[in-house]
Every structure is written in C-alpha cells, then in structure tokens.
Amino acid sequence: MSKETGPDEDRNGSIDPPAPSTLVVWGLATIFLLIVIGLTAPFSVFLAESSLATISAAHGTLATLGVIVGTISGYLVWRLFVGKIKAFTDLKVLSLISAIIAGLTVIIGNMIYIAYRAPGGPRAFFVQNNPAVHEIFFEFKEFIALFPFPIAVATTYIIWAYKEQLTQDRGLRSWLGIAIAIAWGALMIAYLLGAAITKLRSV
Amino acid sequence: MVETIRKPNGPAVAALLSAMIGILILGAINVGTEASSSFSTSMLEVGKVWIPNAQGIGPYSGKETIMVVGWLLSWVALHLALRRKDVNLKTPTAMFVIGLVLATLFVYTPFIDLLLGK
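Residues numbered from 1 in each chain as written. Chains lettered and ligands numbered in written order. Predicted model: local features only at pLDDT ≥ 70, side-chain atom pairs only at ≥ 80, totals over all residues. Heavy atoms only, no water.

Moving on, we come to the overall build of chain A. In terms of helices and strands, chain A carries 8 helices and 0 strands. When the helices and strands of chain A are listed from N to C terminus, the series reads α-α-α-α-α-α-α-α. Its C-alpha atoms give chain A principal-axis dimensions of about 70 × 40 × 20 Å. When contacts within chain A are restricted to residue pairs at least 6 apart in sequence, those whose partners lie at least 24 apart make up 72%. Accessible surface for chain A amounts to roughly 10700 Å². Of this, 69% is attributable to carbon and sulfur atoms. Within chain A, one finds 14 positive and 12 negative side-chain charges whose respective centroids are separated by 4 Å. (Helix = DSSP H or I, 4+ residues; strand = E, 2+ residues; numbered from the N terminus. Contact = heavy atoms within 4.5 Å. Areas by Shrake-Rupley, 256 points an atom, 1.4 Å probe, with all protein chains shown as cover. Lys, Arg positive; Asp, Glu negative; His and termini not counted. Charge placed at Lys NZ, Arg CZ, Asp CG, Glu CD.)

The next point concerns the side chain of A:Gln165. Inspection of the secondary structure puts A:Gln165 in the loop between α7 (148–162) and α8 (170–200). Setting aside residues no more than four positions away along its own chain, A:Gln165 makes contact with B:Ile5, B:Arg6 and B:Lys7.

Right, let's get into the nonpolar core. Counting 63 residues, the largest nonpolar core has A:Leu91, A:Phe147, A:Ile158, A:Leu166 and B:Phe96 as its most contacted members. In this structure, A:Leu91 is in contact with A:Ser73, A:Leu76, A:Val77, A:Leu80, A:Ile85 and A:Ile159, ignoring residues within four places of it in sequence. (Core = buried A, V, L, I, M, F, W, Y, C linked by side-chain atoms within 4.5 Å. Buried < 20%, exposed > 50% of the residue type's maximum accessible area, 1.4 Å probe, protein only.)

Next up on the list: the interface of chain B and chain A. With 46 residues of chain B at the contact, the number on the chain A side is 35 residues. Here chain B meets chain A over a buried area of about 3600 Å², counting both sides, of which 73% is carbon and sulfur. At the junction of chain B with chain A, the criterion picks out 1 salt bridge. Going through the elements one at a time, α1 (10–35), α3 (54–57), α4 (60–82), α5 (90–106) and α6 (109–116) of chain B are the ones with two or more residues in the side of chain B that touches chain A. (Buried area = accessible area lost by both parts, 1.4 Å probe. Salt bridge = Lys/Arg side-chain N within 4 Å of Asp/Glu carboxyl O.)

The next thing to look at is the pattern of salt bridges. Evaluation of the coordinates by the stated rule reveals 5 salt bridges over all chains. The salt bridge involving A:Asp169 is made with B:Arg6; its shortest N-O contact spans 3.5 Å. Taken as a pair, A:Asp169 in the loop between α7 and α8 and B:Arg6 in the segment before α1 lie in two separate chains rather than in one. Note that B:Asp86 is salt-bridged to B:Arg6, the shortest N-O span being 2.9 Å. With a gap of 80 residues between them, B:Asp86 in the loop between α4 and α5 and B:Arg6 in the segment before α1 connect regions that are remote in the sequence. Each of A:Asp169, B:Arg6 and B:Asp86 takes part in one network of salt bridges that share partners.

Structurally, A:Lys92 is set in helix α4 (residues 88–117). With near-sequence residues (within four places) excluded, A:Lys92 lies in contact with A:Ile159, A:Trp160 and A:Lys163.

Let us look at the packing of α4(A) against helix α5 (residues 122–129) of chain A. Residue and element names in this part refer to chain A. Running from N to C, α4 and α5 cross one another at 45 degrees; their axes reach a closest spacing of 5 Å. As the angle between them shows, α4 and α5 are arranged oblique. Note on element contacts: α5 touches α4 through Pro122, Arg123 and Phe126, opposite Ala115, Tyr116 and Arg117. Taken together, the residues that form the contact of α4 with α5 break down as 4 nonpolar, no polar and 2 charged. (Axes fitted to C-alpha atoms, helices over the stretch in contact; angles between N-to-C directions. Parallel < 35°, antiparallel > 145°, perpendicular 65-115°, else oblique. Nonpolar A, V, L, I, M, F, W, Y, C, P; charged D, E, K, R; others polar.)

The subject of this paragraph is a nonpolar patch on the surface. Taken together, the side chains of A:Val24, A:Leu28, A:Ile31, A:Ile35 and A:Leu39 make up a nonpolar region of the molecular surface, amounting to roughly 530 Å² of accessible area. In this fold, A:Ile35 is placed in helix α1 (residues 19–40). (Patch = residues over 30% accessible without salt bridge, like charges linked within 9 Å, V, L, I, M, F, W, Y side chains within 5 Å.)

The next thing to look at is the environment of A:Ser202. Residue and element names in this part refer to chain A. Residue placement: Ser202 occurs in the segment after α8. Classification of Ser202 by relative accessible area gives partly exposed; the value is 45%. Put simply, Ser202 and Ser50 are 152 residues apart on the chain and 8.9 Å apart in space, counted from C-alpha to C-alpha. Residue contacts for Ser202: discarding those within four places in its chain leaves Pro122 and Ile197.

Below, the discussion takes up the domain arrangement of chain A. Residues and elements named next belong to chain A. Splitting chain A by domain gives domain 1 (18–47) and domain 2 (52–200). Taken over C-alpha atoms, the centre of domain 1 sits 21 Å from the centre of domain 2. Roughly 640 Å² is buried in total at the junction of domain 1 and domain 2, and carbon and sulfur atoms are behind 82% of that figure. When residues of domain 1 are sorted by the area they lose upon contact with domain 2, Thr22, Trp26 and Leu47 head the list and together hold 72% of the total. Counting the contacts that link domain 1 with domain 2 gives 0 salt bridges. (Domains from an automatic or database assignment.)

All right, on to the environment of A:Thr30 then. All names here are of chain A. Positionally, Thr30 belongs in helix α1. For Thr30, a relative accessible area of 39% gives the class partly exposed. It is 23 Å that separates the C-alpha atoms of Thr30 and Thr156, two residues lying 126 residues apart in sequence.

What follows covers the packing of aromatic side chains. Remark: the centre distance and the inter-plane angle together describe each pair of aromatic rings, the angle taken between the planes. Counting across every chain of the model gives 12 aromatic pairs over all chains. Residues A:Phe125 and A:Phe126 carry aromatic rings whose centres are separated by 5.7 Å and whose planes lie at 70 degrees to one another, so their mutual orientation is edge-to-face. Between B:Phe106 and B:Phe111 the ring centres are 6.3 Å apart and the planes differ by 35 degrees, which places this aromatic pair in the tilted class. Overall, B:Phe106 belongs to the buried group, its relative accessible area being 17%. For B:Phe111, a relative accessible area of 22% corresponds to the partly exposed category. Through pairs of rings, three or more aromatic residues link up here, namely A:Tyr113, A:Tyr116, A:Phe143 and B:Tyr60. (Phe/Tyr/Trp six-rings, centres within 6.5 Å; stacked < 30°, edge-to-face > 60°.)

Right under this line is the structure:
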C-alpha cells in the first residue's frame, strides 16, 4: 500500500515547517531589518521632509515587500505548476500576505495620488515638461497598479480552498501559475514606474 | 488510506474570472472617460459617494469603485452559478488571459488614442 503524502510533505517524507514557524521567522527578519535601518540611518533622513513622508515611506515599503513576497510566491507557484512543490504551507501564508499587501498598497497609494494630482504636484510637472512620458508611462502606472489586488485575492482563495487538490489538478494549477505570473508582471511594472516617479519628482 | 472529497473547480473559475471581469471593467471605463468628459465627471461623482477626498483623486476614484463593485458582484454571481459544476478550464483560462490583455490595452494611452482616433 503506497503511503499517502499531503501537500506539506515531499516524496522523502520531509514535512514543511508549520505556518506559525514561518510567521515567527518573518517577524524576526522584520525586527532585524528595522534594527539595521535604525542603526544605519536617522529616521528623519529615511523619511525625508515632505508632509506625506510617512505615507510615502509606507507605500514604498509595502510595495517593496509586495515585490519580495510576490517573487517568492511566484517561485512556489512555479514549483506547484511543475508538480514539485515541497513548501505548500509557505505558499498559503505568502499568498495571503501578498493579497493583504496588495490591498494596503492600493489604499495608501490613493492617499499619495491626491498629492500627485494636486496643482504644482508631480503630475502637473510631468504634463508641463514631458507630457509623452506622463501619458505613456505614468497614466499607465496608475491603472496597472490596481491589477494585482483582485488577482491576488482570487489566487489566495483558490490556494486556501483547494489546497491538496491543486497538486492533483494540472489544469487549475496551470491557470493559477498564469494568474500569478500576470499579477507579478503588473506589480513589477507599477513598482518600477513608481520608483521612476519618485526619482524624477516625488510628492 | 484517507479519502478526500474532490471539490468541483467551478468556484475557482468564478474567483479568477471575476477578478478579470473587474479589471476589464476598469479598462472599459477608462476608455469611456477618455471619450466623454461628462462620463468622466460622473465617475468622480461615483467616487465621492464613499472615498474620502475623492475630489483630489478625480475620476480615478469612481473607476476604482466600479472595478471593485463589478469584481465582487460578478464573483457572487459566478460563484452561485458554478459552485457545484466542473468546468473544462481551457475556455475560461483563455478568456482570463484575453480579458487581461484587453484591460491592459484599455489603460495604455497610445492604444486609447488609436481606438478613439485622437
């Protein structure tokens, strides 16, 4: 009789670390990074002088976290896609974190967008000095940044609802891989164009 | 040996297709606001209904709102329609990809200009 293996268990019988362990590692890594930031850069310099400095820093930090978490999730979905995933629990946790980050980034992005569109703000500057760049890249950024959130929520729902069945369902896991690849691509475009805006004319 | 009950894939299809529908609605509305200033104003009014400082965000606030409403309503409708069904995934996967490609074009200004003959 063959031994049953779940999605958290690979062919050699190794079991994924449980979700709480993953979260503890994440927490410790975050605290470590905050300590490094605190020791190496004064917080006021880190945030700059704008009245929207705190919100902008939160937006940029969340977007960066989204890229990191999204990239790791993308790799895990690739492993799922080829039927060789060993860390399904990690994928579950990271997909949920990705969806939350995507939502928060959009909400905070809305707050910054007010300053971006305000008279004398970055948008007015780009329209006056380089309208082509504004229309082709930065208008596009405003919308492509919304794409990852609904896709991340849908894929998270599927990963949590179907769990072990996904490893057996090639069609569904292929679609999941395509969806996460598209969301990751949209996220990267928004992230890079957002960084470009910040470098050229920040709020 | 543990037997697991296989879930139909309909709810998964509903979740992914509704995400695409919401995003495609966003794209279609964006083309609409580029084509008509009165429609653009009406999008701002939609955003003002619930988003704080929607005036500062402009018509984008209404576009976001309609996207979220369209996404969630279509998710509910598709979920109710497909929750007990097993669907051949080829067609919905193709619809998902084509829908997102169209949505991307609908938010890309050079394509909108081409579409509207500007």
